[in-house]
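# Fold and contact review
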Amino acid sequence: MKLVSVETPEKSVCKMTFSASPEELEAASNAVYERTRASYTIRGFKKGEADRAQIEADRGEHTFWYDAINDLMDKDVPALYDAAMAEHGFVAVADPVYDLVSVKKDEGFVATATVALQPELNLTKTTGFVSECVTPEVSDKEIDNVLERHRAAAAELVPHKGPAVKGNIVHIDYEGLLEGKPFQGGTAQNQAVQLGSGRMIPGFEEGILGHKAGEEFEIFVTFPNRYHAKDLAGKPVVFKVKLIDVCVRQIPALNSDFAKKVANLDTMDQLRAQVRQQLHDGKHAAALNRAKDQILTQLADASEGELPSVLVETTYQQQMEQIQQQLQMQRLSLDRYLSQIHETRESFTAKVRSSAEKTSRVHMALLQIAQQENLLPTEEEIEKTLAERAERSKKTLDEVKANSNIPAMRRNEGIRKAADWVIEHSTIEDKAESK
């Protein structure tokens, strides 16, 4: 591969163009074929027996191109990129973004790398910022809620002699039969079930109600039509059940015994005071973080100059990806979340983009301060960090270095130190929440 051109399409942005010849693309594609041929199953051939022409006739002539392109880029581009950056005296502040421009069998391929360069910001102010740390008051209700959670966690199961009712926790052995035969996943021993929780298939928990410990009985139910196991969906089955015991959850009283059990304290007053302090400490830590963020926001406002668009765009994409991941953990789509908060996609993404611009501006200002105040980590500090990683991961130092983005490490640590420096040279006024 070769470097075709180095351009600066806008201030603080570098765009490099790379190309590979048809011969390089062909050789790399053939290497991919040799490496992966055993994984292909083509009609009329046993797995791994089809040759390259037969695979490409079935899957398309581009079948091996994209892995070949990645191989060539990984092998040749880093050295070309680093040499060009050094030659032009460019300082990157993010990883390059690669794009494939064109690829043809008789022309090879062309790709670009676009990278954000460090902008020169006019920092009108770097110290002396002022913010307030307002710690919300802890209410008695909040303390009560914590104590109730402690009570629930300390609850004990106590045997109940009467018939099972909703809310009871029972332990059962059961065997499910479909057309008289056991089916997979239909058998359990000493299974705990809270009656009325709805965790079992419809009709199962209801079939236990009214029975006493020690009884054996049958429950006739039908699996839902949309049950995940298709061989059981909509099928009537019978469960043979042995009711081992019926229990009630006994929640402890809020007294000195409870205080001793959950916190090794003598009285409930002491426990309430401890909970109050813990809640206060948590609220104060959150308020302090907000105050520090306010200082960094003021630093962003005092930082004049144009930011590289590719940096803001990359930050925006990262923030959107984080939001999507958080929503997936809550089993929410972005559209459903937006409908819940009554916001349009346009206004939401505009807010995220504004946040990305602020984050980028803060980071660039802090990086500039780190350079001015000699806060960037030294080679020895980087080496020590990598050695610690190697020890933790049981790898060699060379292995860790090969898999580490050292420029990013240096930038990020410098930004972190600069943030601490700005906050140390500013004022945070500690205040309680006004009533």
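Assigned secondary structure in the chain consists of 13 helices and 13 strands. For 435 residues, the compact-globule estimate of 2.2 N^0.38 gives 22 Å, and the C-alpha radius of gyration of the chain, at 32 Å, exceeds that figure by more than 25%. Within the span of the chain, comprising 435 residues, buried residues form 36% of the whole. Restricting the contact set of the chain to residue pairs at least 6 apart, pairs at least 24 apart contribute 67%. About 26100 Å² of surface is accessible on the chain, with carbon and sulfur atoms providing 48% of the total.

It is worth spelling out the confidence of the model for the chain at this point. The pLDDT averaged across the chain works out to 94; a share of 100% of its residues lies at or above 70. Put simply, strand S13 (residues 427–432) is where the chain has its lowest mean pLDDT, 88, and strand S5 (residues 122–123) is where it has its highest, 97.

Turning next to the sheet that holds strand S3 (residues 97–104). Across the sheet, which stays open at both edges, the 4 strands sit in the order S1-S2-S4-S3 with antiparallel pairing between neighbours. One side of each edge strand has no neighbouring strand; the edge strands of this open sheet are strand S1 (2–10) and S3. On average, each strand axis in the sheet is inclined to that of its neighbour by 20°, with strand direction left out of account. Across the face of the sheet, helix H3 (residues 65–88) comes into contact with S1, strand S2 (13–20), S3 and strand S4 (108–116) while running at roughly 125° to S3. Of the strands in this sheet, S1, S2, S3 and S4 touch helix H8 (residues 309–329), which is tilted by about 90° from S4.

What follows covers the pattern of salt bridges. For the structure on display, the rule yields 21 salt bridges. Notably, a salt bridge pairs Glu343 with Lys351, separated by 3.0 Å at the nearest N-O pair. For Glu343, a relative accessible area of 18% corresponds to the buried category. Residue classification places Lys351 among the exposed residues on the basis of a relative accessible area of 55%. Via salt bridges that share partners, Glu26, Arg52 and Glu56 belong to a single interconnected network.

Further remarks concern the packing of aromatic side chains. Under the counting rule described, the total for this entry stands at 9 aromatic pairs. Judged by centre distance (5.4 Å) and plane angle (70°), the rings of Tyr174 and Phe204 are edge-to-face. Here the residue Tyr174 occupies a position in strand S8 (residues 169–178), and Phe204 occupies one in helix H5 (residues 204–208), the gap between them amounting to 30 residues. Like Tyr174, the residue Phe204 is buried in the burial classification. When the ring of Phe183 is compared with that of Phe223, the centres are 5.9 Å apart and the planes differ by 80°; the resulting orientation is edge-to-face. Placement of Phe183 in strand S9 (residues 181–194) and of Phe223 in the loop between strand S10 (216–222) and strand S11 (236–250) is noted, with a sequence separation of 40 residues between them. Relative accessible area serves as the criterion here: at 4%, Phe223 is assigned to the buried category. The structure contains a cluster of three or more aromatic residues connected by ring pairs, namely Tyr174, Phe183, Phe204, Phe223, Tyr227 and Phe239. A cation over an aromatic ring shows up here: Arg353 above the ring of Tyr316, its NZ or CZ 3.9 Å from the ring centre.

Right, let's get into helix H10 (residues 345–372). Here H10 is 28 residues long and its end C-alpha atoms lie 40 Å apart, about the 40 Å a rise of 1.5 Å per residue gives. Two residues or fewer after H10 comes Asn374, characterised by a positive phi angle close to 60°.

With that out of the way, let us pick up the pairing of S8. Residues in a regular strand project their side chains so that they alternate between the two faces of the sheet. Of all 10 residues making up S8, 9 are buried, and the element is well covered by its neighbours. Sheet analysis places S8 next to S9, joined by 8 bridges and oriented antiparallel. Across the sheet, residue Leu177 finds its bridge partner in S9, namely Pro182. The loop that links S8 with its antiparallel partner S9 comprises 2 residues; one of these, Glu179, has a positive phi angle of about 55°. The pairing of S8 with S11 spans 9 bridges and is antiparallel. What sits directly across from Ile169, in S11, is Cys247.

Turning our attention to the environment of Tyr227. Here Tyr227 shows up in the loop between S10 and S11. Residue Tyr227 is classed as partly exposed on the basis of its relative accessible area of 23%. When the C-alpha positions of Tyr227 and Ile201 are compared, they lie 9.2 Å apart, and in sequence the two are 26 residues distant. Residues in contact with Tyr227, not counting those within four places in the same chain, are Ile201, Leu232 and Ala233. For Tyr227, the side chain forms a polar contact with the side chain of His228, separated by 3.5 Å.

Reading the values: the criteria
Residues numbered from 1 in each chain as written. Predicted model: local features only at pLDDT ≥ 70, side-chain atom pairs only at ≥ 80, totals over all residues. Heavy atoms only, no water. Helix = DSSP H or I, 4+ residues; strand = E, 2+ residues; numbered from the N terminus. Rg over C-alpha atoms; globule rule 2.2 N^0.38 Å. Buried < 20%, exposed > 50% of the residue type's maximum accessible area, 1.4 Å probe, protein only. Contact = heavy atoms within 4.5 Å. Areas by Shrake-Rupley, 256 points an atom, 1.4 Å probe, with all protein chains shown as cover. pLDDT = per-residue confidence, 0-100. Pairing = 2+ DSSP bridges. Axes fitted to C-alpha atoms, helices over the stretch in contact; angles between N-to-C directions. Salt bridge = Lys/Arg side-chain N within 4 Å of Asp/Glu carboxyl O. Phe/Tyr/Trp six-rings, centres within 6.5 Å; stacked < 30°, edge-to-face > 60°. Lys NZ or Arg CZ within 6 Å of the ring centre and 35° of its normal. Expected span 1.5 Å × (residues − 1). Polar contact = N/O pair within 3.5 Å; in protein donor to acceptor, adjacent residues only side chain to side chain.

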